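Close look at the chain arrangement
Here is how the chains run, residue by residue.
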Amino acid sequence: MKIRKLLDYLLIICIILEFNSVYLAMVNVDFRIIILICNIIISCLNIAILLKNRRVKKRKIIYLTMYAFFIIAFVFLNRIKGKLIINFLLYFLISFSLYCIFFMMNTSNEIKEFLLKFKNVILILAYTFMFFYLFSTVLKIIPNSNMVKVKWGTEIRNIKEYYGIYFEMQNMIVFGKSIYRNSGIFVEGTMNSAIMFIALIIDNLFEERKNKINNIVFLLNIITSFSTTGIIATVLFYAVMFIKSKKNKRVKALVLPVAMIIGSIFIILVLSAKMDTSSYTARMDDYIACYKAWKTKPIFGCGYRDNTKIIQFMSKSRINNIGLSNSVSALLAQSGIYLGIIYFIPFLKLIFSKKIKNINIKFFTFFVFFLFATTIFTYTLLIIMLLAIGWVYEQQEDT
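Throughout what follows, the structure given in this document is the object of discussion. All of these numbers come straight from a predicted model, not from anything done at the bench.

If you tally the helices and strands in the chain, you get 15 helices and five strands. Counting all 399 residues of the chain, 50% fall into the buried class. Across the chain, contacts joining residues at least 24 apart in sequence account for 72% of those joining residues at least 6 apart. Summed over all atoms, the accessible surface of the chain reaches about 20000 Å², with 68% contributed by carbon and sulfur.

Take a look at the structure:
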């Protein structure tokens, strides 16, 4: 149905905008609440249309009921207080609605189609970001249309805006010169790299009509974001794709050792350069601080979205750089093993379940988990969407 297709695309746009976009960081405008409410409305409309044409199996209703009780109990067990209760309940409503939508998809092919729609939206953004990065950030041909005030972390500053669809948010020093990272509409280049990488692997693993130009555009976005995680993930992904390809064994025997050596040298150089930066030190300190905080309350965590306990274990040298850099350690420290179950079971199930024969969904899940372990997007709608897919995929009829 055309209406359902439109609702899917609107839902995907909401998910992308909520993924640490600049709009959420704008001062004096609370776009997050607007996006979350729009997401709930769109999801409810989607569910209403699905219910007209489909019957929900009893076991799925039982599962959704158990999920609802499990999540609501977390509010009391984690002792969520104040405004965070509203935040948590809004995200719970969205996660519950997403689970309902994917549960009512009768086949894994429908899930694949949804992922391809997600990829199509990111593809449009990929071309847009590269256009502005080249002609505005690099060549300075197209001037900025406005300046906007944003708050990210503890800092408030003015950044250049290009017609509301591209921002110059984050710069870095390369060979003594200050250059902007391609962060697109996101607050960091890492976020742009992560979402481009997800679109890249969807395109390679699930798209039947491959387009090399689209792959190149995704790659250029990842490279110009200057994200170490994104670049290493991409190298690893293409190495895996080459190994699983049906190319001549003799060609593999010749190319694979050379490719592994070049890839290893490249990763070592990237990591060596990264180790000399403060961001690497902070990233390593995050794992240690979160682990120590998690040990104090391993079951239910130290507090949903609360970094107070984690900061106590951080290195004193970090001063203002107290933001976390990866989702796994943040999840365990803040929400404990209890909420961690909701996250880790779908990953483990899709990767190791013998019932799932589709090797591509296993590779997809592995690389999403790699991002989750190295990038911070713990409670975003994007990870909620991917977890919902993970929970229901095995139960679809044609899996």
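Our next topic: the environment of Ser 315. Its location among the elements puts Ser 315 in the loop between α12 (308-312) and α13 (327-352). We classify Ser 315 as partly exposed; its relative accessible area is 33%. Ser 315 sits 29 residues away from Asp 286 along the chain, and the two C-alpha atoms are 9.1 Å apart.

For helix α1 (residues 2-17), which comprises 16 residues, the first-to-last C-alpha distance of 23 Å matches the rise-based estimate of 22 Å (1.5 Å per residue) to within 8%. Along α1, the residues classified as buried are Arg 4, Leu 7, Asp 8, Leu 11, Ile 12, Cys 14, Ile 15 and Ile 16. Packed against the buried residues of α1 are α3 (31-53), α5 (83-103), α6 (108-138), α7 (189-206) and α15 (381-393).

For the rest of this paragraph, the subject is the packing of aromatic side chains. Counting across every chain of the model gives 34 aromatic pairs. A ring pair is formed by Tyr 63 and Phe 103, whose centres lie 5.1 Å apart and whose planes are at 65°; its orientation type is edge-to-face. Here Phe 103 lies in helix α5 and Tyr 63 lies in helix α4 (residues 58-77), a separation of 40 residues in the sequence. Summarising the burial analysis for this pair, Tyr 63 and Phe 103 share the class buried. When the ring of Tyr 343 is compared with that of Phe 372, the centres are 5.6 Å apart and the planes differ by 25°; the resulting orientation is stacked. On the criterion of sequence distance, the pair formed by Tyr 343 in helix α13 and Phe 372 in helix α14 (residues 359-374) is long-range, its members being 29 residues apart. The same class applies to Tyr 343 as to Phe 372, namely buried. Joined through ring pairs, the aromatic side chains of Phe 19, Phe 129, Phe 186, Tyr 343, Phe 347, Phe 369, Phe 372 and Phe 377 make up one cluster. In this structure, Arg 305 packs its charged tip against the face of Tyr 91, placed 5.0 Å from the ring centre.

What counts, and where the lines are drawn
- Residues numbered from 1 in each chain as written.
- Predicted model: local features only at pLDDT ≥ 70, side-chain atom pairs only at ≥ 80, totals over all residues.
- Heavy atoms only, no water.
- Helix = DSSP H or I, 4+ residues; strand = E, 2+ residues; numbered from the N terminus.
- Buried < 20%, exposed > 50% of the residue type's maximum accessible area, 1.4 Å probe, protein only.
- Contact = heavy atoms within 4.5 Å.
- Areas by Shrake-Rupley, 256 points an atom, 1.4 Å probe, with all protein chains shown as cover.
- Expected span 1.5 Å × (residues − 1).
- Phe/Tyr/Trp six-rings, centres within 6.5 Å; stacked < 30°, edge-to-face > 60°.
- Lys NZ or Arg CZ within 6 Å of the ring centre and 35° of its normal.

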